[in-house]
Amino acid sequence: MKHIVILISGTGSNMAALLHAAQRDRWAERLGARVAAIISNRPDAKGLQTAQAAGVATAVVDHKAYDGREAFDAALQAAIDAHQPALVVLAGFMRILTPGFVAHYAGRLVNIHPSLLPAFPGLHTHQRAIDEGCKLAGATVHQVTAELDHGQILAQAAVPVLPGDTADTLAARVLTQEHLIYPRAVADLLRKM
Ligand code: GRF
């Protein structure tokens, strides 16, 4: 069985979409894969409750308890590797990862970013798209490399930027697409493994 570990920091709606797809599309039978654990760097992440309600193992590695990125990433890596994952899925995980951590998971670490990369890496993507007058916005699933929000693009979805959009209304429109493309991209990867 291929194990998937999902990392979150907050709401976990992408995580919920992945858990839902795993059940609905019978990943265990069809792909020989299952979500083994959800790990959060924030003890108060709402997604932890969602995961527990779904009967998935959870763990917290609180970045505030560690002195520096290297120490945090080492603890995070140990928590992840306890599940011997085939794939590590970042789903709203709001920490910058060290190059050593990224190298350890090379080829099996993916992220979803709320812009049409390579446009708008980093934060505040929706406001930046509105400010630039973009007519299209969207989301990108990509392999994670040491450079933030770079790496091979695995899937994208575009949505229109509508007159009167705020960062919040645009984010909500993009998020509905994230919930469609992320499970699909993860399933595609698992199929090839
Ligand atoms: C999503 O927009 C994702 O693209 C970004 O952070 C947000 C997380 O949302 N990285 P959720 O926690 O999955 O609801």
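Residues numbered from 1 in each chain as written. Predicted model: local features only at pLDDT ≥ 70, side-chain atom pairs only at ≥ 80, totals over all residues. Heavy atoms only, no water.

Novice: An account of the sheet that holds strand 7 (residues 153–160) is needed here, citing residue identities and associated values.
Specialist: Taken in spatial order, the 7 strands of this open sheet run 3-2-1-4-5-6-7, and their pairing is mixed. A single partner strand is all that each edge strand has here, and the edge strands are strand 3 (57–60) and strand 7. Adjacent strand axes in the sheet meet at a mean angle of 20° when their direction is disregarded. Set on the sheet, helix 3 (residues 46–53) makes contact with strand 1 (2–8), strand 2 (33–40) and strand 3; between it and strand 3 the angle comes to about 155°. (Pairing = 2+ DSSP bridges. Helix = DSSP H or I, 4+ residues; strand = E, 2+ residues; numbered from the N terminus. Axes fitted to C-alpha atoms, helices over the stretch in contact; angles between N-to-C directions. Contact = heavy atoms within 4.5 Å.)

Novice: Describe the site of the ligand, listing the residues and the values that go with them.
Specialist: Taken together, T11, G12, S13, N14, G92, I112, H113, P114, L175 and E178 make up the full set of residues near the ligand. G12 places a main-chain nitrogen or oxygen 2.8 Å from an oxygen atom of the ligand. In this structure, I112 approaches the ligand through a main-chain N or O atom, which is 3.3 Å from a nitrogen atom. A total of 370 Å² of accessible area belongs to the ligand in isolation, and the protein chains cover 81% of it. Of all elements in the fold, only helix 1 (13–24), strand 5 (109–113) and helix 7 (167–192) reach the threshold of two or more residues within the shell around the ligand. Residue composition of the shell around the ligand, by class: 3 nonpolar, 6 polar and 1 charged. (Near = heavy atom within 4 Å. Polar contact = N/O pair within 3.5 Å; in protein donor to acceptor, adjacent residues only side chain to side chain. Areas by Shrake-Rupley, 256 points an atom, 1.4 Å probe, with all protein chains shown as cover. Nonpolar A, V, L, I, M, F, W, Y, C, P; charged D, E, K, R; others polar.)

Novice: Give me the packing of helix 1 against helix 7: which residues, what numbers.
Specialist: Here helix 1 crosses helix 7 at 50°, and the two axes come no closer than 9 Å. Looking at the two axes, helix 1 sits oblique to helix 7. The element helix 1 and its partner helix 7 pack so that their crossing is right-handed. Judged by residue contacts, S13, N14, A17, L18 and A21 of helix 1 engage L175, E178, H179, Y182, P183 and V186 from helix 7. Its residues assigned to classes, the contact of helix 1 with helix 7 comprises 7 nonpolar, 3 polar and 1 charged. (Parallel < 35°, antiparallel > 145°, perpendicular 65-115°, else oblique. Left-handed = near helix turned anticlockwise from the far one by under 90°.)

Novice: Help me get a handle on the nonpolar core, residues and values and all.
Specialist: Ranked by size, the top nonpolar core spans 38 residues in total, and within it I6, W27, V89 and Y182 carry the most contacts. Sort the elements by how many residues they give to this core and helix 7 lands first, with 9 residues. When sequence neighbours within four positions are dropped, the list of residues in contact with Y182 reads N14, L18, V89, L90, A91, V110, N111, I112 and V141. Core analysis: the next-biggest nonpolar cluster, separate from the first, contains 17 residues, I39, V61, F101 and Y105 among them. (Core = buried A, V, L, I, M, F, W, Y, C linked by side-chain atoms within 4.5 Å. Buried < 20%, exposed > 50% of the residue type's maximum accessible area, 1.4 Å probe, protein only.)

Novice: Please provide a residue-by-residue account of the environment of T125, values included.
Specialist: Summarising the element assignment, T125 is placed in helix 6 (residues 125–131). Of the residues examined, T125 reaches a relative accessible area of 4% and is grouped as buried. Separated by 102 residues in the primary sequence, T125 and Q23 place their C-alpha atoms 31 Å from one another. When near neighbours in sequence (up to four residues on either side) are disregarded, T125 contacts H113, P114, S115 and F120. There is a polar contact of 2.9 Å between the side chain of T125 and the backbone oxygen of P114.

Novice: Could you give an account of the pattern of salt bridges, with specific residues and numbers?
Specialist: Tallied over the full model, the rule gives 4 salt bridges. Where D165 meets R173, a salt bridge forms, and the shortest distance between an N and an O atom there is 2.6 Å. Accessibility expressed as a relative area gives 13% for D165, which makes it buried. The exposure class of R173 is partly exposed, given its relative accessible area of 22%. Among the salt bridges present, the one from R191 reaches D188, with a minimum N-O distance of 2.8 Å. On the criterion of helical spacing, the pair formed by R191 and D188 is a turn pair, its members being 3 residues apart in helix 7. With relative accessibility at 37%, the residue D188 sits in the partly exposed group. (Salt bridge = Lys/Arg side-chain N within 4 Å of Asp/Glu carboxyl O.)

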